[in-house]
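Close look at the chain arrangement
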Amino acid sequence: MLNVFRSFLTITLLICSTACASSSSSEDESLIAHRFRVKGHDFSSRVEEVCSNPMVVSLDFSSVKLSNEDLEIVFNALVEREKRLAGIPHCTIELIDLRRGTFDETGFLMFLDHLQHGKKEGGKDIYPDVRETVLKIGLSLNDDFIEQMEKAAPSTFAGGLQIIQ
């Protein structure tokens, strides 16, 4: 079951990559894959700035050891992206690479819970658009953890979020 799940997620990632390549060749605009190399003291503002770019399709944190608290920063930046780009044509973020993170299962489940429930601002809920997004993580995807993830964010997974190891 787990191998089938991993194979499905790998195929999904390949399809997303092909879709990105074809959309960039059919349009005259460049899509952006941003790689964070260091965390630094201004990490929060840099993540928010990158997320506010409507052409960003990939966030690569694989060179940065993200903690549970850093996942909160990523979530808040995704919320800010939705606020800033509301009503403006923009790309969906198709890949978020978190595989080098030092966060634990509890922190990642909290991140998924945030994606599921959004953030209340100004009397309304704002949900990051993670439909069709692939999250690449370094945590072990055993059956129990997969079940916990699906319980933490059922609507988010129903919307197309995929997680690969």
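You'll find the structure just up there.
Below is a summary of the structure that appears in this document. Predicted, not measured: the structure shown is a model, and the values here were computed from it.

Looking now at the overall build of the protein chain. The number of helices and strands found in the protein chain is 6 helices and 7 strands. Of all 165 residues assigned to the protein chain, the portion counted as buried reaches 42%. Within the protein chain, counting contacts between residues at least 6 apart in sequence, those at least 24 apart form 81% of the total. Total accessible area on the protein chain is roughly 8,800 Å²; 53% of this is exposed by carbon and sulfur atoms.

Relative to the helices and strands, Asp 129 resides in the loop between β5 (124–126) and β6 (134–137). For Asp 129, a relative accessible area of 19% puts it in the buried group. In terms of polar contacts, Asp 129 uses its side chain to reach the side chain of Arg 131, at 2.9 Å. Among all residues touching Asp 129, those that are not within four sequence positions of it are Glu 82 and Thr 92.

What follows is about the layout of surface pockets. The probe, sized like a water molecule, is rolled over the atoms to show the empty space still left. Estimates place the volume of the largest pocket at around 160 Å³. For the lining of the largest pocket, the secondary-structure elements that each account for two or more residues are α4 (105–117) and α6 (154–158). Within the lining of the largest pocket, the residues separate by chemical class into 4 nonpolar, 4 polar and 2 charged.

Okay, the nonpolar core next. Of all hydrophobic cores here, the largest spans 39 residues; its most connected members are Leu 59, Phe 61, Leu 98, Phe 108, Leu 112 and Met 149. Among the elements that make up this core, the one with the highest residue count is helix α3 (residues 68–84) (6 residues). When residues no more than four places from it in sequence are discounted, the contact partners of Phe 108 are Leu 71, Leu 98, Phe 103, Leu 135, Ile 137, Leu 139, Phe 145, Met 149 and Ile 163.

Here we take up the environment of Ile 88. Mapped onto the elements, Ile 88 comes out in the loop between α3 and β3 (95–98). Judged by relative accessible area, Ile 88 falls into the partly exposed class, the value being 41%. Measuring from C-alpha to C-alpha, the distance between Ile 88 and Pro 54 comes to 8.2 Å, with 34 residues separating the pair along the chain.

Relative placement of two packed helices is described by the angle separating their axes and the distance separating the axes. Contact pair α3 / α4: the axes reach a minimum separation of 9 Å and the direction vectors enclose 15°. It follows that α3 is roughly parallel to α4 by the angle criterion. Pair α3 / α4 crosses with right-handed handedness. Of α4, the residues touching α3 (which contributes Asn 68, Leu 71, Glu 72, Val 74, Phe 75 and Leu 78) are Gly 107, Phe 108, Phe 111, His 114 and Leu 115. Split into classes, the residues belonging to the contact of α3 with α4 amount to 7 nonpolar, 3 polar and 1 charged.

Take empty space enclosed by the protein next. Enumeration over the complete set of coordinates arrives at 1 cavity of 30 Å³ or more. Estimated volume of the largest cavity: approximately 30 Å³. As for the largest cavity, its lining consists of Leu 78, Arg 81, Glu 82, Ile 93, Pro 128, Asp 129 and Val 130.

Another aspect to go through is unusual backbone geometry. Positioned with a positive phi, Glu 132 is a non-glycine residue whose angle comes to about 65°. Relative to the helices and strands, Glu 132 is located in the loop between β5 and β6.

Let us look at the environment of Val 64. Within the element layout of this structure, Val 64 appears in the loop between β2 (56–60) and α3. Of the residues examined, Val 64 reaches a relative accessible area of 3% and is grouped as buried. Measuring from C-alpha to C-alpha, the distance between Val 64 and Gly 40 comes to 9.8 Å, with 24 residues separating the pair along the chain. Aside from chain neighbours lying at most four places away, what touches Val 64 is Phe 36, Arg 37, Val 38, Lys 39, Arg 100 and Gly 101.

Here is what the cut-offs are and how they apply
- Residues numbered from 1 in each chain as written.
- Predicted model: local features only at pLDDT ≥ 70, side-chain atom pairs only at ≥ 80, totals over all residues.
- Heavy atoms only, no water.
- Helix = DSSP H or I, 4+ residues; strand = E, 2+ residues; numbered from the N terminus.
- Buried < 20%, exposed > 50% of the residue type's maximum accessible area, 1.4 Å probe, protein only.
- Contact = heavy atoms within 4.5 Å.
- Areas by Shrake-Rupley, 256 points an atom, 1.4 Å probe, with all protein chains shown as cover.
- Polar contact = N/O pair within 3.5 Å; in protein donor to acceptor, adjacent residues only side chain to side chain.
- 1 Å grid on protein atoms, 1.4 Å probe; cavity = no way out; pocket = protein on both sides within 12 Å on 5 of 7 lines; lining within 4 Å.
- Points joined across faces, edges and corners; volume = space filled by probe spheres on them.
- Nonpolar A, V, L, I, M, F, W, Y, C, P; charged D, E, K, R; others polar.
- Core = buried A, V, L, I, M, F, W, Y, C linked by side-chain atoms within 4.5 Å.
- Axes fitted to C-alpha atoms, helices over the stretch in contact; angles between N-to-C directions.
- Parallel < 35°, antiparallel > 145°, perpendicular 65-115°, else oblique.
- Left-handed = near helix turned anticlockwise from the far one by under 90°.

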